[in-house]
Amino acid sequence: MEDTYENRPNAILTGGPAELLPEGERIRYVVDETATVKVLKGNRYEHWEPSPQTVLHTGGELRVYRWVRFTYVAE
């Protein structure tokens, strides 16, 4: 896959129970770096909020998102 602006990682999801996301899924591209990231895991959404912190990762800067809560999928 060609490395374009649209697929270049710009975020790292931190915290939450260890089984939520494997390390490889914690680094990702986020369209709106000011919005909460929601990830569907089973029957609930895990929520991460952006922090002012950034980290360097393989030559690029990633916004750090901290896990804050989960909500269940409405039926």
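Structure first, text after, so check above.
Residues numbered from 1 in each chain as written. Predicted model: local features only at pLDDT ≥ 70, side-chain atom pairs only at ≥ 80, totals over all residues. Heavy atoms only, no water.

Chemist: Outline the nonpolar core, listing residues and values.
Modeler: Membership of the largest hydrophobic core is limited to nine residues, which are Ala11, Leu13, Leu20, Leu21, Val30, Val37, Val39, Trp48 and Tyr65. Counting residues per element, the ones that place at least two in this core are strand 1 (11–14) and strand 3 (37–41). Setting aside its immediate chain neighbours within four residues, Val37 contacts Leu13, Val30, Glu46, His47, Trp48 and Tyr65. (Core = buried A, V, L, I, M, F, W, Y, C linked by side-chain atoms within 4.5 Å. Buried < 20%, exposed > 50% of the residue type's maximum accessible area, 1.4 Å probe, protein only. Helix = DSSP H or I, 4+ residues; strand = E, 2+ residues; numbered from the N terminus. Contact = heavy atoms within 4.5 Å.)

Chemist: A description of the environment of Leu62 should follow, citing residues and the corresponding values.
Modeler: Its place among the elements puts Leu62 in strand 5 (residues 60–72). When the C-alpha positions of Leu62 and Asn10 are compared, they lie 4.5 Å apart, and in sequence the two are 52 residues distant. If near-sequence neighbours (up to four positions away) are discounted, Leu62 is found in contact with Pro9, Asn10, Ala11, Ile12, Ile27, Gln53, Thr54, Val55 and His57.

Chemist: I'd like a rundown of the side chain of Ser51, residues and numbers included.
Modeler: With respect to the helices, strands and loops of the structure, Ser51 is situated in strand 4 (residues 44–57). Looking at Ser51, its side chain comes within polar contact range of the main-chain nitrogen of Gln53, at 3.2 Å. Excluding residues within four positions of it along the chain, Ser51 makes contact with Arg63, Val64 and Arg66. (Polar contact = N/O pair within 3.5 Å; in protein donor to acceptor, adjacent residues only side chain to side chain.)

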